[in-house]
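Below, each chain spelled out in residue letters.
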Amino acid sequence: MPVRTNRYSVPIRLIGKRVRVVLHASHLVVYDQNVEVARHERLIAKGAVRLDLDHYLEVLVRKPGAFPGSTALEQACSAGRFTPVHDVWWDQARKIHGERDGTRALIEVLLLGRHLPHEHVVAGLAAALRAGAMTADAVALEARKAAQAETEPIPTVGQLGSGNPPATVTSLHEWRLAHLPADTRPLPSVAPYDQLLRRRRTSGSDHREGEAQ
């Protein structure tokens, strides 16, 4: 999106659509009608570009090959939004799932940032990495655990190989089962089926006797 002499990103769904921009001394805010959809630090140099990686995730999850080396990723690294923990987890995910699927898994993790605080996602990545769980579901579960334990420190990359005991990651399926209410219904009875079988045996016996006569 061009603003004066520079360009700023907006969510992919708004490309080609008219939006409203409010310029401030140090930043600018983009509105779709009355809803804020983007906020950027204001660029000073002419012809510069400011990209928010989050604005492109819907496209990148379908085309993960465009993710490595992208300008949006480079700027996210410079801004500290894409941390060394992200990078280590991504590297391990690619080793396990392959380049394309490992990168797609990382992009799915980045999408968690729309619903969970950034620091909790980083904590979830670190916990999943220690446990060797290279899936977005595992990171989501660990990030929610971190949200429930605000006082616990967030692991750093240096702690990942410090010899600490492996973290235990519970699958989402196991977590859901553990939170289901107790089943108090009585066990089913097979008595009606036994009666049906006895009737079938009796009927078959009568039929064979009739044929013998």
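Scroll up a little and you will see the structure.
Residues numbered from 1 in each chain as written. Predicted model: local features only at pLDDT ≥ 70, side-chain atom pairs only at ≥ 80, totals over all residues. Heavy atoms only, no water.

## Focus on the overall build of the protein chain
Selection criterion: Put simply, DSSP H or I for four residues or longer makes a helix, DSSP E for two residues or longer makes a strand, and each gets a number counted from the N terminus. Between buried and exposed lies partly exposed: a residue is buried under 20% and exposed over 50% of the maximum accessible area for its type, with that area taken using a 1.4 Å probe on protein chains only. We call two residues in contact whenever any of their non-hydrogen atoms come within 4.5 Å of each other. We get accessible surface area from the Shrake-Rupley algorithm with a probe of 1.4 Å; when it comes to residues, only the shown protein chains can shield them.
Helices and strands together make up the secondary structure of the protein chain, namely eight helices and six strands. The secondary structure elements of the protein chain, listed N-terminal to C-terminal, are β-β-β-β-β-β-α-α-α-α-α-α-α-α. Scored against the burial criterion, the 213 residues of the protein chain give a buried share of 31%. Look at the contacts in the protein chain between residues 6 or more apart in sequence, and 57% of them connect residues 24 or more apart. Carbon and sulfur atoms provide 53% of the accessible area of the protein chain, an area that totals close to 14100 Å².

## Digging into the sheet that holds strand E2 (residues 6-8)
For clarity, the threshold we go by: Two strands are said to pair when DSSP picks up at least two bridges between them.
Pairing is mixed across the open sheet formed by three strands, whose spatial order is E1-E2-E6. On the outer flanks of this sheet lie strand E1 (2-3) and strand E6 (49-50), each paired with one strand and no other. Note: E1 against E2, two bridges, orientation antiparallel. If you follow Val-3 over to E2, its bridge partner there is Asn-6.

## Re the nonpolar core
We count it as follows: Only buried Ala, Val, Leu, Ile, Met, Phe, Trp, Tyr and Cys residues count toward a nonpolar core, and they belong to the same one when joined by side-chain atoms within 4.5 Å.
With 32 residues, the main nonpolar core has Leu-53, Phe-67, Phe-82, Trp-89, Val-109, Leu-125 and Val-139 as its most contacted residues. Ranked by the residues each element gives to this core, the list is headed by helix H5 (residues 118-131), at six residues. Judged by nonpolar contacts, the second largest core, of ten residues, contains Val-30, Ala-38, Leu-43 and Ala-48.

## Here we look at the sheet that holds strand E5 (residues 35-41)
Quick note on the threshold: Angles shown run from 0 to 180 degrees and are taken between the N-to-C directions of axes, each axis being a line fitted to C-alpha atoms and, for helices, limited to the stretch in contact.
Spatially, the three strands line up as an open sheet ordered E3-E4-E5, and their pairing is antiparallel. Two strands bound the open sheet, and with one partner strand each, they are strand E3 (20-23) and E5. Each strand of the sheet is rotated relative to its neighbour by a mean of 20°, with strand direction disregarded. Examined bridge by bridge, strand E4 (residues 27-32) and E5 share six bridges and lie antiparallel to one another. Looking at the pairing, Val-30 lines up with Ala-38 of E5.

## Some thoughts on the environment of Leu-14
Of note, Leu-14 is situated in the loop between E2 and E3. Taking relative accessible area as the criterion, Leu-14 reaches 2% and is therefore assigned buried. Put simply, Leu-14 and His-55 are 41 residues apart on the chain and 9.7 Å apart in space, counted from C-alpha to C-alpha. Excluding anything up to four places from it in sequence, Leu-14 contacts Val-19, Asp-32 and Val-37.

## Looking at the pairing of E3
Pairing analysis gives four bridges linking E3 to E4, with the strands arranged antiparallel. Bridging from a neighbouring strand, Arg-20 pairs with Tyr-31 of E4. In this antiparallel pair of consecutive strands, E3 and E4, the connection spans three residues.

## Topic: the packing of aromatic side chains
Formally: Note on ring pairs: Phe, Tyr and Trp rings are taken, using the six-membered ring of Trp, and paired if centres are within 6.5 Å. Classes follow the plane angle, with under 30 degrees stacked, over 60 edge-to-face and the rest tilted. Geometrically, a lysine NZ or arginine CZ counts as sitting over a ring once it is within 6 Å of the ring centre and also within 35 degrees of the ring normal.
In the structure shown here, the tally under the stated rule is three aromatic pairs. Taking the centre distance of 6.3 Å and the plane angle of 55° together, the rings of Phe-67 and Phe-82 count as tilted. One end of the pair, Phe-67, is in the loop between helix H1 (57-62) and helix H2 (71-78); the other, Phe-82, is in the loop between H2 and helix H3 (84-97), with 15 residues separating them in the sequence. Just as Phe-67 is buried, Phe-82 falls in that class too. When the ring of Phe-67 is compared with that of Trp-90, the centres are 5.2 Å apart and the planes differ by 80°; the resulting orientation is edge-to-face. In this pair, Phe-67 is assigned in the loop between H1 and H2 and Trp-90 in helix H3, connecting sequence segments 23 residues apart. What links up through ring pairs into an aromatic cluster is the set Phe-67, Phe-82 and Trp-90. Across the ring face of Tyr-31, the terminal group of Arg-20 is positioned such that the distance to the ring centre comes to 4.6 Å. Above the face of the Trp-90 ring, Arg-94 is positioned so that its terminal group lies 4.0 Å from the ring centre.

## A short note on helix H4 (residues 99-111)
Selection rule: One less than the number of residues in a helix, times 1.5 Å, gives the span that helix is expected to have.
An ideal rise of 1.5 Å per residue puts 18 Å on 13 residues; H4 measures up with 19 Å between its terminal C-alpha atoms. Within H4, burial applies to Gly-102, Thr-103, Ala-105, Leu-106, Ile-107, Val-109 and Leu-110.

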